[in-house]
Amino acid sequence: MMAAKPDTFVPALPPSAPERARPLISLEGAGITYGRGANAVEALTPTDLDIDKGDFVALVGPSGCGKSTILKLVANLIRASRGHVFVGGREVGAERVGIGMAFQNPTMLPWLRIRDNIMLPLKIVEPFRSEFRAKRKTEFRDRAEALLEVVGLKGFGDKYPWQLSGGMLQRANLCRALIHDPALLLLDEPFGALDQFTREELWAILQQLWMDRKPTVILVTHDLREAAYLATRVCVMSARPGRIVADDAVPFARPRTLDMTFEPEFVALTQRLRGLIVDARTGKV
Amino acid sequence: MEFLSERARQKLKSALLILSFFVLWEVACLVFKVSEIVLPRPTVILGALWQFFPGIRPHLIQTLYTTLVGFALGVGIGVVIGAVIGVSRVAYDTAYPLLVGFSSIPKVAVVPIFVLWFGAGTTPAILTSMVICIFPIVVNVATGLATTEPELEDVLKALGAKKLDILWNVSLPRAMPYFFASLKVAITLAFVGTVLSETVASNRGIGNLMMIASSNFNVPLVFAGLFLLAGLGVALYVIFSLIERRVAGWAMRKQDFAMG
């Protein structure tokens, strides 16, 4: 898996370099084909996509179009059958980039308290891993508590997952994805199973977390309002085999408010995205 | 504390029901004048147990010892095989058919082979109780390990977790409830294995005692042996249930767990 040749690629340019810094993530003709020969199914047509450090990119598109596939490529959970995926300037997997991931299913471990669930990444990722025993009752614990407070779960650290509602579990899930201060946050429809009000509340929290910590975020979602509210860039994908058919910057000022989502420019943007996806579904693009 | 009294009342109710089963047995034997050779009354059985206890004790210790050793070996081997099968696809495909085939063989048929290899006595009894426990443990451990949510695995792999990290932090704890469920099945089976082997080829142990008692038509003593076996089985089952509560309580009824 670690077969990338370090000498093939120039490491990230020094800050003084005149050119714009390399993007943190770069897909160069990355494509995925499952199966072989006549049975081959193309899941993702060779795709180019650059994502700058600190960007917040939303991937939208019809279901099964390969949005999650892109996420998994970037997380090095699957390998591209064609093309290249670069993270941090080197082939994916070669550079240890801190990654936090969250799915629609919160997957909290039922035998651990919420606090310990959230601290799970610290048990695994260096440099926290080697200090875990020493600091789990002090510094790391405080870190978890602070994060819980930000997402509105202050005082719930001692509870077990089954004592929390779906919305609360999803808040905890966000905490788990962020506890190790990842440079890259990958979210796969994290709010898909929540009711509208909880979802909107979590949008505000996620926006705040992003503004405070500036991780690079890739958000896969079906909700166009969510995409336009949260993201700085929205990429629309076509139906399977997926490819990116539109790449829109979202110009609205931060922090965005829910009221803004009902203003004409915002509505116009979501309408446009909707139109693109409808076309993508019917195969017109 | 209304909850506790409700719980206590339930326990009392079931205890009374269990007791009434024996009372019914006693009364039925008296009313229908059932001969002691056919079915002794519970009081007669307890009397026999009391009367012969000094003679029974070494047999009891022998059976308990044999069973526990066989059980411990079975658990050890079962966990290892189960873990390998649960983690590796190849091992699953290879070992599963073999295991299913092996566990379908009636264990009575295996005892003579063990006797042939190791002679009559303790060793075949230990081995019989061992082989009888392996299968449920293997199946449960393998299932438990294989049920990790794929999303969680992705989250951990994205963090750079090694296979061992995932096994240790997620898969093993998740397999615990399955493991304990299988322990409770296995401990009762282990007694079956021991007694089976003792009945066929041994000069000690409760199985042997019951054989001798039945050939002397001392039916109350035969039933006393049965009672002892049942008692031992229940006792060990309870012990494992208590350990389970501590180790894997999260998987049980939430209410009780919250209270504990």
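Calculation rules
- Residues numbered from 1 in each chain as written.
- Chains lettered and ligands numbered in written order.
- Predicted model: local features only at pLDDT ≥ 70, side-chain atom pairs only at ≥ 80, totals over all residues.
- Heavy atoms only, no water.
- Helix = DSSP H or I, 4+ residues; strand = E, 2+ residues; numbered from the N terminus.
- Buried < 20%, exposed > 50% of the residue type's maximum accessible area, 1.4 Å probe, protein only.
- Contact = heavy atoms within 4.5 Å.
- Areas by Shrake-Rupley, 256 points an atom, 1.4 Å probe, with all protein chains shown as cover.
- Lys, Arg positive; Asp, Glu negative; His and termini not counted.
- Charge placed at Lys NZ, Arg CZ, Asp CG, Glu CD.
- Pairing = 2+ DSSP bridges.
- Axes fitted to C-alpha atoms, helices over the stretch in contact; angles between N-to-C directions.
- Core = buried A, V, L, I, M, F, W, Y, C linked by side-chain atoms within 4.5 Å.
- 1 Å grid on protein atoms, 1.4 Å probe; cavity = no way out; pocket = protein on both sides within 12 Å on 5 of 7 lines; lining within 4 Å.
- Points joined across faces, edges and corners; volume = space filled by probe spheres on them.
- Nonpolar A, V, L, I, M, F, W, Y, C, P; charged D, E, K, R; others polar.
- Phe/Tyr/Trp six-rings, centres within 6.5 Å; stacked < 30°, edge-to-face > 60°.
- Lys NZ or Arg CZ within 6 Å of the ring centre and 35° of its normal.
- Buried area = accessible area lost by both parts, 1.4 Å probe.
- Salt bridge = Lys/Arg side-chain N within 4 Å of Asp/Glu carboxyl O.
- Polar contact = N/O pair within 3.5 Å; in protein donor to acceptor, adjacent residues only side chain to side chain.

Chemist: Would you mind showing me how to read the overall build of chain A here?
Modeler: When its secondary structure is counted, chain A shows nine helices and 10 strands. Expressed along its principal axes, the backbone C-alpha trace of chain A runs to roughly 55 × 50 × 45 Å. Expressed as a percentage of the 285 residues in chain A, the buried residues total 51%. Within chain A, contacts between residues separated by at least 24 positions form 71% of all contacts whose residues are at least 6 apart in sequence. Approximately 13100 Å² of chain A is accessible, and the part contributed by carbon and sulfur atoms is 52%. Between the mean site of the 38 positive side-chain charges and the mean site of the 33 negative ones, chain A shows a separation of 6 Å.

Chemist: Explain the sheet that holds strand β5 (residues 90-91) of chain A to me, please; I cannot follow it from the model alone.
Modeler: Residue and element names in this part refer to chain A. Spatially, four strands are ordered β2-β1-β4-β5 in an open sheet, and the strand pairing comes out antiparallel. In the strand order of this sheet, the two ends are held by β2 (41-51) and β5, each with one partner. Where strand β1 (residues 25-34) lies against strand β4 (residues 82-87), five bridges are found, and the strand directions are antiparallel. When the sheet's bridge partners are listed, Ile25 is paired in β4 with Val87. The strands that helix α1 (residues 67-74) touches are β1, β2 and β4; relative to β1, the one it contacts most, it runs at about 115 degrees.

Chemist: I would appreciate a short explanation of the nonpolar core in the present structure.
Modeler: Side chains that are nonpolar tend, in soluble globular proteins, to be buried together. Counting residues in each nonpolar core, the largest one holds 54 residues, and the members touching the most others are A:Phe56, A:Ile118, A:Leu187, A:Phe191, A:Leu206, A:Leu230 and A:Val234. Beyond its immediate chain neighbours, meaning those up to four positions away, A:Val234 contacts A:Ala58, A:Val60, A:Ala227, A:Ala246, A:Asp247, A:Asp248, A:Val250 and A:Leu273. One finds A:Leu120, B:Leu221, B:Phe223 and B:Trp250 within the second-largest nonpolar core, a separate group that totals 49 residues.

Chemist: Would you mind going over the side chain of A:Glu200 with me for this structure?
Modeler: Along the chain, A:Glu200 turns up in helix α7 (residues 196-213). Beyond its immediate sequence surroundings of up to four residues, A:Glu200 is in contact with A:Arg225 and A:Leu258.

Chemist: I tried to follow the layout of surface pockets on my own but got confused; where do I start?
Modeler: To locate leftover empty space, one rolls a probe as large as a water molecule over the atoms. Of the pockets and cavities examined, the second largest pocket occupies roughly 430 Å³. As for the second largest pocket, its lining consists of 17 residues, and the residues nearest its centre are A:Lys123, A:Phe132, A:Arg133, A:Arg136 and B:Asn169. Breaking the lining of the second largest pocket down by element, the ones donating at least two residues are α2 (114-118), α3 (120-124) and α4 (128-135) of chain A together with α7 (163-200) of chain B. Across the lining of the second largest pocket, the residue classes tally to five nonpolar, one polar and 11 charged.

Chemist: Explain the packing of aromatic side chains here, please?
Modeler: Geometrically, a pair of aromatic rings is defined through the distance of the ring centres and the angle of the planes. Inspection of the entire model under this criterion finds 17 aromatic pairs over all chains. Ring plane angle 75 degrees and centroid distance 5.1 Å describe the contact between B:Phe21 and B:Phe22, whose orientation is recorded as edge-to-face. Residue B:Phe21 is classed as exposed on the basis of its relative accessible area, which comes to 51%. B:Phe22 gets classed as partly exposed once you look at its relative accessible area, which sits at 30%. Taken together, the aromatic side chains of B:Phe21, B:Phe22, B:Trp25, B:Phe223 and B:Phe227 make up a single cluster linked through ring pairs. One Lys or Arg, A:Lys214, reaches over the ring of A:Trp210 and ends 3.9 Å from the middle of that ring. The ring centre of B:Phe102 lies 5.8 Å from the NZ or CZ of B:Lys107, which sits over that ring.

Chemist: What exactly am I supposed to notice about the sheet that holds strand β8 (residues 216-220) of chain A here?
Modeler: Neighbouring strands of a sheet are bound in pairs by backbone hydrogen bonds; such pairs are parallel or else antiparallel. All names here are of chain A. What the six strands build is an open sheet, ordered β6-β7-β8-β3-β9-β10; its pairing is mixed. Two strands lie at the open edges of the sheet, namely β6 (99-103) and β10 (244-249), each paired on one side alone. Recorded for the sheet is a direction-independent mean angle of 15 degrees between the axes of neighbouring strands. The pairing of strand β3 (residues 56-60) with strand β9 (residues 233-237) spans four bridges and is classified as parallel. Of the residues in β9, the one forming a bridge with Ala58 is Val234.

Chemist: Mind showing me how you'd approach the interface of chain A and chain B here?
Modeler: Size of an interface, as often reported, equals the accessible area lost when the parts are brought together. Counting from both sides, the interface comprises 22 residues of chain A and, opposite them, 20 residues of chain B. For the chain A and chain B pair, buried surface summed over both sides reaches about 2100 Å², with 71% attributable to carbon and sulfur atoms. For the chain A face of the interface with chain B, the top three residues by lost area are A:Trp111, A:Ile124 and A:Trp162, together amounting to 32%. Remark: the boundary between chain A and chain B carries two salt bridges. Linking B:Asp165 and A:Arg129 is a salt bridge whose minimum nitrogen-to-oxygen distance equals 2.8 Å. The interface formed by chain A and chain B contains two residue pairs in polar contact (both at pLDDT 80 or more). Those elements that place two or more of their residues in the side of chain A that touches chain B are β6 and α3 of chain A. The greatest single-element share of the side of chain A that touches chain B, amounting to four residues, is contributed by α3(A). Across the side of chain A that touches chain B, the residue classes break down as 14 nonpolar, three polar and five charged.

Chemist: What am I meant to see in the pairing of β1(A) here?
Modeler: Regular strands place their side chains on alternate faces of the sheet. Residues and elements named next belong to chain A. As defined by bridge partners, β1 adjoins β2 across seven bridges and the pair is classed as antiparallel. Its bridge partner lying in β2, Ser26 is registered against Asp50. Linking two consecutive strands that pair antiparallel, namely β1 and β2, is a turn of six residues; a positive phi of about 75 degrees is found at Gly35 within it.

Chemist: What is the right way to look at the pattern of salt bridges in this model?
Modeler: In a structure, side chains of opposite charge can pair up when their charged atoms sit close to one another. Residue and element names in this part refer to chain A. For the structure shown, the criterion picks out 22 salt bridges over all chains. Linking Arg143 and Asp181 is a salt bridge whose minimum nitrogen-to-oxygen distance equals 3.3 Å. One end of the pair, Arg143, is in helix α5 (residues 139-150); the other, Asp181, is in the loop between α6 (166-178) and β7 (184-188), with 38 residues separating them in the sequence. When its relative accessible area of 24% is taken as the criterion, Arg143 is described as partly exposed. By relative accessible area, which is 45% here, Asp181 ends up partly exposed. Here the residues in one salt-bridge network are Asp55, Arg233 and Asp247, joined through shared partners.

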